[in-house]
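Each chain, letter by letter, is given below.
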Amino acid sequence: MSDEEKKIPEQAQPDPHEAQTPREASAFRNAWEMQAQARREAELRERKRQADAEEAAYREREEYARELQEEKVELMRLRQGVIEESDKLRGRDPEKKYSLGERFGNWLYHSKWWLGMAVFVAFVGAFLIYDYVTREDPDLRILVISANDEIYLHTPELTGWAAEHCPDYNGNEKQEVGLVYVPVSQGTLETGSADSASANTQLMVQFETANCMLVIADDASEAYLTPEGKGAEIFADLTELYPDCAAVDGYKLMLSGTQFAKRLGLEKPLNAGTYLAIRQPYENMETKEKNQIAFDQAKELLDQLVPELMQEGAE
């Protein structure tokens, strides 16, 4: 750079990024305004087109509704015999006459979904009613809460033996005893699973009804029935009912050492503390009178079972 150039003030030197000339700026502004004007005009045309389309659709609907109303009036006048023909209805297809079979077929076609559901519900209801009417309840039931699959597998032996000594309480000329198995243990009640919830519910239901007054339990299951030492609040004191029975311990008739395992043909030993008990007839979801009747019937059966359990030769 020469000395003369260095003497030129810094602001006097040409700026390569100097703003465009007024003419160039004016040309750009005009172009932008023209584009904006074109956009506004296009937007206004689109709005007018939409408004016209909506207005045309509205007028078309109004015209269609008016024509329908006029045709309905003309049709009523024809049916009433006021006029013999109508220009408004001329050219229309005559009203079709459907036969009874065609009307039924049309109804069946349009109603098939809900009709199918109704048939299914009716079938299930009929089955439940039939099952309830024809089902014969046993004369008496025994509740097994000892978590011992061996006892459950020998249900026919247990119920058959008890039925031999059970009177015909329901009058159907049969001696029948049923078994309800609700295994009670830490594994069945404390897992938090659906099976655990079901077992808890079944256990509560059985002890709130008069269905099962005779109960087979053990030490593990008893912990889930009542607080420690409170079993006498549920079960009757057997020392008063069978004072001469050596297997009686309070409300428990201890089954280990009796004929119980031999009668059932059990191959595995009983759970620790397995016992037979009878519930007291107190009021719950059912009346005390109904519980008393169930207790008396269970006591009559128990009177027959105790001597056989205590026979000589027990294993």
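These remarks concern the structure in this document. Bear in mind the structure is a predicted one, so any value in this text is a computation, not a measurement. (Residues numbered from 1 in each chain as written. Predicted model: local features only at pLDDT ≥ 70, side-chain atom pairs only at ≥ 80, totals over all residues. Heavy atoms only, no water.)

## Concerning the environment of Lys288
Okay, step 1: Mapped onto the fold, Lys288 is located in helix H12 (residues 288-309).
Okay, step 2: As for Lys288 and Ala210, which are separated by 78 residues in sequence, their C-alpha atoms are 9.2 Å apart.
Okay, step 3: Beyond its immediate chain neighbours, meaning those up to four positions away, Lys288 contacts Pro281 and Glu283. (Helix = DSSP H or I, 4+ residues; strand = E, 2+ residues; numbered from the N terminus. Contact = heavy atoms within 4.5 Å.)

## Observations regarding the pairing of strand E6 (residues 275-278)
Consecutive side chains of a regular strand alternate in pointing toward one face of the sheet and then the other.
Okay, step 1: Here E6 shows a buried face lined by Tyr275 and Ala277 and a second buried face lined by Leu276 and Ile278.
Okay, step 2: Summarising the sheet, strand E3 (residues 212-217) and E6 pair through 4 bridges and their orientation is antiparallel. The partner of Ala217 across the bridge, within E6, is Tyr275. (Buried < 20%, exposed > 50% of the residue type's maximum accessible area, 1.4 Å probe, protein only. Pairing = 2+ DSSP bridges.)

## Some points on a nonpolar patch on the surface
Okay, step 1: Taken together, the side chains of Phe104, Trp107, Leu108 and Trp114 define a hydrophobic patch exposed on the protein surface, amounting to about 450 Å² of accessible area.
Okay, step 2: By residue number, the principal contributor to the nonpolar patch is helix H3 (residues 100-110), which donates 3 residues.
Okay, step 3: Following the sequence through the fold, Leu108 ends up in helix H3.
Okay, step 4: A residue is classified by how much of its surface remains accessible, and Leu108, at 37% relative accessible area, is partly exposed. (Patch = residues over 30% accessible without salt bridge, like charges linked within 9 Å, V, L, I, M, F, W, Y side chains within 5 Å. Areas by Shrake-Rupley, 256 points an atom, 1.4 Å probe, with all protein chains shown as cover. Salt bridge = Lys/Arg side-chain N within 4 Å of Asp/Glu carboxyl O.)

## Some thoughts on the nonpolar core
Okay, step 1: In terms of nonpolar packing, the biggest core is built from 38 residues, with Leu158, Leu253 and Phe260 touching the most fellow members.
Okay, step 2: Secondary structure elements with two or more residues in this core: strand E1 (140-146), helix H6 (155-163), strand E2 (177-184), E3, helix H11 (260-264), E6 and H12.
Okay, step 3: In terms of residues, this core owes the most to one element, H12, which gives 8 residues.
Okay, step 4: Leave out the neighbours within four places in its chain, and Leu253 touches Leu238, Ala247, Val248, Thr274, Tyr275, Leu276, Val306 and Leu309. (Core = buried A, V, L, I, M, F, W, Y, C linked by side-chain atoms within 4.5 Å.)

## Focus: the pattern of salt bridges
Okay, step 1: A full pass over the atoms with the stated rule returns 10 salt bridges.
Okay, step 2: Of the charged contacts, one joins Arg47 and Glu43 as a salt bridge, the two residues approaching to 2.6 Å between their closest N and O atoms. Within this pair, Arg47 and its partner Glu43 are both found in helix H2 (residues 22-80), separated by 4 residues, close to a single helical turn.

## Here we look at the side chain of Asp218
Okay, step 1: By the element assignment, Asp218 lies in the loop between E3 and helix H9 (219-222).
Okay, step 2: It is Lys252 that comes nearest to the buried, bridge-free Asp218 among opposite-charge side chains, at 9.1 Å.
Okay, step 3: A polar contact is formed between the side chain of Asp218 and the side chain of Ser146, at a distance of 2.5 Å.
Okay, step 4: Residues contacting Asp218, with those up to four places away along its chain left out, are Ser146, Ala147, Asn271, Ala272, Gly273, Thr274 and Tyr275. (Lys, Arg positive; Asp, Glu negative; His and termini not counted. Polar contact = N/O pair within 3.5 Å; in protein donor to acceptor, adjacent residues only side chain to side chain.)

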